[in-house]
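# Understanding the architecture of this molecule
If you want the building blocks of each chain, they are given just below.
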Amino acid sequence: MAGLNPNPAVFMLMSTGQIESAVFPDFEELYCKFSFIHGQDWAVTAGLEEGISQITRKSRDERQLFVWNFPLDITYKSTNPFGWPQLVVSCYGPDAFGQDVVRGYGATHVPIAPGKHSRIIPMFVPESSSKLQKFTSWFLGRRPEFVDPKVVAQGEGRDVTRVRTQGHIKVTFNVVTRDMKKMGYDVTPGEPLGFDATQSQPGAVATMLS
Amino acid sequence: MDSTSDTLQKKLQERRKAMNITMQTTDSTALDVTTINNDDSDGDADIPTIGDEETASTSRLIEKLESRHDATRKRLQTSEMLRPQSDVRLPTSRLQESPRSITPAMSPGQSQELSRPQSDLESTFNSTFGTRSAGMSLRDRLQAKLQAAKQKREFSQMGEERKRTQRLKERLRDSSTRFDVDPLRTLSRPDLEKERELETRVLAKLQWKKVLQKARKQIGQPSDIDCYDFFTKQFEEVTVQPEVESPDVATTEEHAEQVAEEEIEQAPVVEDQPETAADAQDEQPTEEVEETDDEKKKLLSEIIPEELDWKLFNIMSAEYISYRIRLETEQQISFVPSILNAPSEKKVLDNAAPMYLEEEGFYVGLMPEVQIRNRNILENRILSQEKQDDKAWFGLDGRVKILPSPVQIHPNKPWVSGLDDIDPSIETIYVKAYQTSVDEKYLQGSQEHELQVDLGTAVFHHHPLMSREHVLASSISEMYDAYIRHRHKNYAVFYYEKLRSLRLALKTMKRNASAADGEDIAILGGQELRIQDYLTEIRRTCRQRDLAEAYERDLMRKIVAEWKEIKALRTAQGFNNSGIKLTVKKQEVNQESDRQAWMQEIDVQIQECQEEFNYTVQYPYRKLLTEYQSNLQDWKKTRIKLKRQQKSESSADLGMTEEESLIVGPNPKPLKPLPPAKFDENAVREQLINQALQHRRNPGEPKISLEVTHTGPITPNVQLPAGEATRRIAVQNSRLVARVKFNGRDVCTSEEKSLTSDFRVHFGQIFKILISQWPDSVRIQIYELGRLSDTILDEINLAIPDGSVNTANVQLFPVDFSNDKVVIYRNHEGVGSSTPFTLRSDSNVPVSLKTCGQLYVSIAWSLDADGRVLAPKLMNPRGNDAFDAAGRPHHASQIGAQQSDGLAQYNLQDPDLMALWSQEGKLDPNDPANLGMVTYTSAKEGFTSAMDYFRLDQLQQQFNFVTDEEMGQARRLRLLEYRATGISEFRNLSMVPANEHEILDSAFTAYERHKREKDALGEMGERKVAAGSLSAHRLEVLRFRQKVRDSVMRRFYTARHYHTLQDMVHEDQVPDIGTLGLKIIKIAEPRRPLKPVRSERKKATTQNLTEGSVSVLITVVRAYNLPIRDKTPVPGLEGSLSRAVLGTTNLHQQSQDEREPFKLSPFVSVSFQNNVKATNIAEGPNPSWNEEIELPFSATNNDYTPENLQTIDDTLFINIFDRVVRDANVDTRDRDDVGESSGVATGVVSHRVQNHWLGSLKIPFTTIYQQGKIEGTFKLNVPQVMLGYTPDRAESKADAGAHQNSSANDPYAQMESQFLQPTDGSYIGIFVTLEPQLGRPEPVPQKFETQEDERLISESLKFEEECKKKFPKRRIKTTVIDIKGESVFITRYVKPIAPPPELLEGTSQNSLVCAEKLARYVSLIPFVSDNVIYAGKCDLWSTCDQFLNMLCGDEEEHAILLLNFFLHIGKQAYLVLGRAIPEGETAYVLTLEQSQEYFLWNASNGHHYKATDFLCPLQNVFALVNQDNIWFNMQVHDIPARVNFNTNQGWKPLFKSISATQGLTSVQPEVIVYPETELSYVQNLEEMIERTLKEAMMDWRPRHVTRWNRSCSTALHQILRSLEIDRWKLGGADDRQTQSRTTLLQDDHAERLTRLIGDARFVGFPMDMPFTDIDAVVKAVRSTEVHKIQDNDIEFALGVYIHPYPSSVLCVWVYVAAINASRSF
């Protein structure tokens, strides 16, 4: 490393993590795709922006989990927090006829604060515009899909769609930032939680966190 | 030793005997106990354990004793195990004193024995709590527990013993003694009894506890245990004491409890105090019971009832505190606020008197009703707290503030909570907007609205016909009016009353002040000020009173004087002209009392003056004085100090004096204030008396009142002198009439009325005006009727009354009128008007009066029979001045009698005056009635806005931490803002630097330059016109274009952000039978079909594109019919050229050129975005290259989104050149010789390569982008005249002509002719595409507002659907978007429009030439794709006038204009919608010529083709449009050559019958005005272009000298002029001749050039193009590459000619030539 730059021109955001598991009650097999979406002032310096996971089967226990443990690792540099990176995940799986059908779209911002975070992303799919369409789309295995999975990371045009949720996935992030404070962006929580207080009164911490 | 042992033995024996007896008794009790203990179960477990335990200890003793008491041991039986135990007890206690010989006796075996009881103990312990607990009585359990605890303790001690034997002994002793005591003491009979009793009590108590607990549980209170736990439990010990062997208890809580309890129990046990142990038992059971609650339930319920009363309570005597004492104690702790009114002085600020705002005339709103006693209580409560800030609770009036002050500085709007239930009065209602044109003036609805104008009397204050007496009389009556008014208002009394009340108030105040005076002077401050205020007020009132009285007296004096004048006049002239009469009434007064009152008044005033003096002068003086004194004291002190210092130090140091002076310096001796002048009472008195005498009624003077009547006799006419008589006749003849004008139109005229002798006119008429328009003005004109014409006296404006003014409540009011006209009478006594005359007999000063008077009039709305006001509904708030609406009614209502005058003086419309008035009038700022006024005036005073509106961001300003300017200067923010708004320069910027300093100002320069240009355009850049690059019209054009563009952009902004489901979600359409069928067929499809269908290339997504990854692919296939080098050289000029060519070709292309010596070697050069690539050189006029050229493409800003790509306006140039290779060593020697000799001699032949431009083709990038690919044969843009080249092969052309003419029968010839027919130009076959294919833009959803009939719209949609279904590839549109963004039927655009008349001159309208001329004109209007203008938003159709205004448009605009021109000249013409190359979807014009041939016109370049021409760029015909209908092509083929254009066959019309379209009026204008183009501007432009081009040429040739041939340039200019002008002259009407026209031109051209230039080598050609800007011209010239000719002795000639067409349509001709003026030829 070049040492600490007192006047950095960019700040860095590094996020590792995993797409750990998913809960989709009605399906047997799933795989997922992920892609990071970011604004104009962001650039990927290392890591994969997009990826596709293996197909996983539901666990045969009462948890009924789909486990991928699919690693995420990406490093950004940026000059502007506007357009903070988002993780867009879309899940696919074969339906009864063996057609690859989308099972859910979901997005979440990469956590802003450094540290370990775990996110549950509810996943949704666009609904057919009519009953008949629903039937035919089921029959033909061509469910309605978003034109671009990335629309779930944007607000525009969502008003015309109707969606339904099917399940959720769990993603963990480990976030490291660099130079953000130097550039005037303080994202760490103001007061570190006192550990004495947490130990003696577990209930209190629970209420604070919830 | 023996003896002692013997005695001991004896003693023991005795003892044992005795013990045996006692033991029996104790045994029985012990048995008793055991029986009690072992009620139900294993009692033997209990006893043996104890026994064992005892044996353990006994056996040790026995061992010791054994040696001496063998006999005794033998007697011991196992059954009597208990006996020895008790036997040895005493001896053991004695043994303790014996030497510690026991210790060694402890053997391992014994320790084993010791360990056994431990396990036994455990089992006991466990069983006590575990198994046995179920059936045990409480006591058992307690005992067991106690025992267990003891045992445990013992056990733990024993554990210790193992280590420390020393302590074991002690413990043993302890335990033994305890065991001694315990069973005996606790289980003794009386004890048992006691215990039983205790037990029952405990049980009872428990029962209660349980009930209580239950109750508590229900309430949620903590139980006893909880409480107990809370205080006693030590949580950490739960974990600390793991070794305590806890029995199987249910919960840890219980366990913890037990531990605690055991500890408590243990403590006394250890101390060996059985009493306390018992006590502990007494006290503790409450806690113990908890664990057995459930089991106890039944038992307790049985026991309790009868024993409850006495076991639970201690009965004591009732405690009684006497009422008195109780009261006393209560009073000590409680406070009862008084219900009496608290003294007000406590409530207001210290020593201030309560102030009552309403008494001082301020508005005080209604307070909510609160009972007085409640209020008093509250007040007293607050007062009792005695804090400093308690006063804040009280208002100025000493009452507690019940409401927060409703007075707010800023008006605000209350928040409306809950949007669902909005008060209907503030609900917004949607009202459809209506057009504000002429209709607006008319009132809405059909009700009758009626205004009534009541004309009363007109009174002339001056009239030219007045005699002098009249003038005087009128002035008297005027003054008298004022006098009466003044009296009526009774100012004297008013002021007198006011004065009295003021004085009264002052007196009370002074009384208060004097009361306070004794206490503290400082308090006086506030009081003092108020008294001062009062005094000044009194003085002012005095003065006003004096003035009022003086005014009255003055008036009276004047009236009397005038009256005297009249009397004098009357006597002088000997007759009475007016009936005016003055009566003076005197009212005598009591002189004495009057004088007294007068003097008293004076005295009072003097006193007041003095007081005021005191307050204003004395007090400040006194203050100054005290200040001075204190200052003086200080000064003296410092002085003394200094002196002392000086004395002490003077001897020491001389320098100190300086210091002293320094110290003294800033502390000079204070100046004594000058005492003010003494109050001079006499002087004041004198002044006051004088004033009073002057202004007021003097004492003893009678009160005078005047009365003027008009009842005096007027001398009859007979007795008058002639002058007066004629005047009177004139007066009688004078007639007046009033006319009422409404909105500037005469509506009513009054009857003619004559002037009365006292110069009044009684109109007495009421006019009712029934109105249907908004009343703007109502005027009354007063006319004086003359013999010949009426003269207008004046025009009076009447204000339009608001809706509340009706005939019932209106009164006549006077309106002044006047007239400045000069009237002089010579023949009679009339004084005239505006002319000087002497009025008074005594003075010579002439007076001049103008005609003036008052008209009594009223205007009001009529009432109908029901009493309804016939005013329009929206009469009131017509003005947009909100202030008017809000402010006026209120203040009008609250204006007092006295103020109305003041108000009337001001013009109410003037806000400044209004503010002034409200300030002077001292409006009560608290009165809600004045809200509008106060807000308004306060806004005037300080606030930035009037704020009669609601602001959403009213706090914005406060939260702006920097100003907007500073914000604007922040470069980073600017950059971000620009990017967010999508300004093209910044749109795709990424990684905007984080720090301000990293952004350079240069980042904005390009943008700012553009912006400046735009701004300059907006503000009519004068300089630019001067510079000559833009004419006024052109400027107008640019501005219009910009405006349209801006508005379109704005309109489509929303459309762009409008998404449909299809934009967001891919969803398969519900398949119908057809698609299902297709799907099924697809399954059966062959895997590898014999005739594969071309599948679409994959489109690249924009994200993956980077610079350099996209390129334009151009495949140049071949060219046809290129012009060839001249075979027959023109002597002189061309000869040299052709010879040269001949020579070179001879040299290098020997074999080829043997046969075709004059053909050419063309190659194609393609340029795009500053990249140029060329093909190889081919040969002949029909070359074939088949080469692929790849040119890189880079998008601006690296933005490959469709939005950006659409706006790229780069153009692909395809140029064909002829490469002429020439020997370089051109010199004085003969060329051929040199060439050979040099070749022989040196082996080096230098050549000069020259590229001669033959033609070009331009393809805009947008076309390529939108089409995806462009493929076909295109006509080359070839210069009209190319010297050295013939446009086509003369012989083939001649052949073609011959074939056409002669051999119609010869099939071969026909075929030949067909093949050779399109020889009218040069063609090139190319294929252009992008690699990779870029995604095409999504079309903007074409849903727009429309004003079309919905029925028609739906019909047209249906039509489009049907057409699409039938021919999905044929696009049809029936409606298009106009520049307002509304859908309009295309047919509306079609309408005959007259072309500029200049174009029709000289040609017959039917001729093709005329049509060509029109087409040329239209094609000269620059072509700009809509995509470029409107950033790819959509395809807009502008009307012809808009098109001409913008001077740019794409295919549709050109086509529509041309079509309209054609229709005007009577051609049968249609608009053709179709697809052409290279434009893609386009519009052509179809005409039916006289020869019954169909012609297709490309309006944007002016070319026309026969419909049968297979090289016509129009490839598909979709629809035809004319002004009546739209026809869709239903024929199988849509290639123009195969389409039948007869609309009756194979066309599907949109409107079935023509009548349906009758209603569709055209959107086109009736007439288009074509403004003349300014010639001066054109000349300027010509010069400028020439200059720019010359400079550019020199720039392009940096390494060579560029010489200009002037004479040639002028010649070229002339040639160019003739080229454009003669273009139409040469050709005849016959289209056949057009073909030969070019040849003719060529010949003519060459001839001229020869004539002009003479013998020189010459390369060059003229180009023509529509003028857009100079840059375009420069680009075009550059693409010809003339400048690349590098001969040393080359000279250039440049001719620029601009042909002005009407409406600033300019055709630029540029002739660039390179001349080799070598003398060698």
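What you are looking at is a predicted structure, and each value in this text was computed from that prediction instead of being measured. (Residues numbered from 1 in each chain as written. Chains lettered and ligands numbered in written order. Predicted model: local features only at pLDDT ≥ 70, side-chain atom pairs only at ≥ 80, totals over all residues. Heavy atoms only, no water.)

The grouping of A:Phe97, A:Leu132, A:Phe135, A:Trp138 and A:Phe139 at the surface amounts to a nonpolar patch, some 560 Å² of accessible area in total. Relative to the elements of secondary structure, A:Phe139 occurs in helix α1 (residues 131-140). (Patch = residues over 30% accessible without salt bridge, like charges linked within 9 Å, V, L, I, M, F, W, Y side chains within 5 Å. Areas by Shrake-Rupley, 256 points an atom, 1.4 Å probe, with all protein chains shown as cover. Salt bridge = Lys/Arg side-chain N within 4 Å of Asp/Glu carboxyl O. Helix = DSSP H or I, 4+ residues; strand = E, 2+ residues; numbered from the N terminus.)

Our next topic: the packing of aromatic side chains. All names here are of chain A. Under the counting rule described, the total for this entry stands at 33 aromatic pairs over all chains. Between phenylalanine 11 and tryptophan 84 the ring centres are 6.4 Å apart and the planes differ by 25°, which places this aromatic pair in the stacked class. Pair noted here: phenylalanine 11 is in strand β1 (residues 11-23) and tryptophan 84 is in the loop between β6 (66-78) and β7 (86-94), with a separation of 73 residues, a long-range link. Residue classification places phenylalanine 11 among the buried positions, given a relative accessible area of 0%. (Phe/Tyr/Trp six-rings, centres within 6.5 Å; stacked < 30°, edge-to-face > 60°. Buried < 20%, exposed > 50% of the residue type's maximum accessible area, 1.4 Å probe, protein only.)

With that settled, consider the interface of chain A and chain B. Residue-level contacts link 34 residues of chain A with 27 residues of chain B. Buried area between chain A and chain B, summed over both chains or domains, comes out near 2400 Å², and the portion from carbon and sulfur atoms is 55%. When the buried area of chain A at its contact with chain B is split by residue, A:Gln40, A:Val147 and A:Glu156 rank highest and sum to 24% of it. Run the count over chain A and chain B and you get 1 salt bridge. Here A:Asp41 makes a salt bridge to B:Arg979, at a shortest N to O gap of 2.7 Å. Here chain A is connected to chain B by 8 residue pairs in polar contact (both at pLDDT 80 or more). Going through the elements one at a time, β3 (42-47), β6, α1 and β10 (145-146) of chain A are the ones with two or more residues in the side of chain A that touches chain B. Ranked by residue count, the leading element in the side of chain A that touches chain B is α1(A), at 4 residues. (Contact = heavy atoms within 4.5 Å. Buried area = accessible area lost by both parts, 1.4 Å probe. Polar contact = N/O pair within 3.5 Å; in protein donor to acceptor, adjacent residues only side chain to side chain.)

Bringing helix α48 (residues 1408-1419) of chain B into the picture now. Spanning 12 residues, α48(B) covers 16 Å between terminal C-alpha atoms, matching the ideal 16 Å at 1.5 Å per step. For α48(B), the tally of buried residues reaches 12 of 12 residues, placing the bulk of the element in the interior. (Expected span 1.5 Å × (residues − 1).)

For the rest of this paragraph, the subject is the environment of B:Leu755. As for its placement among the helices and strands, B:Leu755 is situated in the loop between β6 (753-754) and β7 (760-771). The exposure class assigned to B:Leu755 is buried, which follows from its relative accessible area of 4%.

Quick look at the nonpolar core now. Residues and elements named next belong to chain B. Tyr1417, Leu1458, Phe1462, Leu1471 and Trp1497 are the most contacted members of the largest nonpolar core, which totals 71 residues. Among the elements that take part in this core, helix α51 (residues 1451-1464) stands out by supplying 8 residues, more than any other. Here leucine 1458 is in contact with Leu1414, Ala1415, Val1418, Val1485, Trp1497 and Ala1499, once residues within four sequence places are set aside. One finds Leu1122, Tyr1200, Val1328 and Leu1334 within the second-largest nonpolar core, a separate group that totals 40 residues. (Core = buried A, V, L, I, M, F, W, Y, C linked by side-chain atoms within 4.5 Å.)

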